[in-house]
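Okay, here's what each chain looks like letter by letter:
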Amino acid sequence: MHKQKITYVLLVEDSRSDAALVQRILSDASPHVRYDFKTAPRLVDALYLLDTHTFDVALLDLNLLDVDGVASVSALHTAMPLMPIIVYSGTDDVNLRQQATLCGARHYLVKGRESGYSIKFMIEQLLAA
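Structural notes, computed from the coordinates.

Rules behind the numbers
Residues numbered from 1 in each chain as written. Predicted model: local features only at pLDDT ≥ 70, side-chain atom pairs only at ≥ 80, totals over all residues. Heavy atoms only, no water. Pairing = 2+ DSSP bridges. Helix = DSSP H or I, 4+ residues; strand = E, 2+ residues; numbered from the N terminus. Right-handed = clockwise from strand over helix to strand, strands pointing away. Core = buried A, V, L, I, M, F, W, Y, C linked by side-chain atoms within 4.5 Å. Buried < 20%, exposed > 50% of the residue type's maximum accessible area, 1.4 Å probe, protein only. Contact = heavy atoms within 4.5 Å. Arc of directions from axis to C-beta. Axes fitted to C-alpha atoms, helices over the stretch in contact; angles between N-to-C directions. Parallel < 35°, antiparallel > 145°, perpendicular 65-115°, else oblique. Nonpolar A, V, L, I, M, F, W, Y, C, P; charged D, E, K, R; others polar.

Let's shift gears to the pairing of strand β2 (residues 33–40). In the sheet, strand β1 (residues 5–12) pairs with β2 via eight bridges, with the strands oriented parallel. Paired with Tyr8 across the bridge in β2 is Asp36. A crossover links β1 with its parallel partner β2, the connecting element being helix α1 (residues 16–29), and its sense is right-handed.

Next comes the structure, spelled out in structure tokens:
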């Protein structure tokens, strides 16, 4: 019997439908990996979860209820500098992508353009490094 690996994901997303979609496409793409998601609709909630849980990776939307833009990347990176951050935003902007990377994001994905397989691949690459 094959034991499933568990990947702990901090999903910082204020849209319940977007959060559910990410969870579904990642789970569908990864039959041998179980994702344990904790969802935070605000940056302050994400920072609280970082104090109370351990995560392998963060998926971060840039437009949250309490902060907009790359300030959320900087705050998460400052709180947990070794945790890989993948920005998962609806905004496709090369300048924003550069700013997010400079603030600590490892990847920048545009919502609706990436399959569960590509997100899974990025997470696996980050965790293997």
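Now, onward.
Turning our eyes to something else, we now look at the pairing of β1. With four bridges connecting them, β1 and strand β3 (residues 57–60) associate as parallel partners. When the bridges of β3 are listed, Leu10 appears paired with Ala58.

The next subject is the nonpolar core. Core analysis: the biggest nonpolar cluster contains 24 residues, and Leu10 and Leu76 have the highest contact counts within it. Ranked by residues supplied to this core, first place goes to helix α2 (residues 43–52) with four residues. When sequence neighbours within four positions are dropped, the list of residues in contact with Leu10 reads Lys38, Ala40, Ala46, Leu49, Leu50, Phe55, Val57, Ala58, Leu59 and Leu76. Counting residues in hydrophobic clusters, the runner-up holds 18 residues, among them Val22, Val57, Ile119 and Ile123.

Before going further, it helps to spend a moment on the side chain of Asp61. Checked against the element boundaries, Asp61 lands in the loop between β3 and α3 (71–79). Setting aside chain neighbours within four positions, we find Asp61 in contact with Val12, Glu13, Asp14, Ser72, Tyr88, Ser89, Gly90 and Lys111.

Buried within α3 are the following residues: Ser72, Val73 and Leu76. Projected down its long axis, α3 shows its buried positions confined to an angular sector of 100 degrees, all on one face. Against the buried residues of α3 lie β1, α2, β3, β4 (85–89) and α4 (94–102).

Further remarks concern the sheet that holds β4. Taking strand neighbours across the sheet as the criterion, the five strands line up as β2-β1-β3-β4-β5 in an open arrangement whose pairing is parallel. In this open sheet, the two edge strands, each paired with only one partner strand, are β2 and β5 (107–110). Each neighbouring strand pair of the sheet contributes to a mean axis angle of 25 degrees, computed without reference to strand direction. α2 contacts β1 and β2 of the sheet and is inclined by roughly 125 degrees relative to β2.

With that settled, the discussion passes to the packing of α2 against α3. Axis separation between α2 and α3 bottoms out at 11 Å; the angle between their running directions is 10 degrees. Looking at the two axes, α2 sits roughly parallel to α3. Residues Leu43, Ala46, Leu47 and Leu50 of α2 pack against Ser72, Ala75, Leu76 and Ala79 of α3. Taken together, the residues that form the contact of α2 with α3 break down as seven nonpolar, one polar and no charged.

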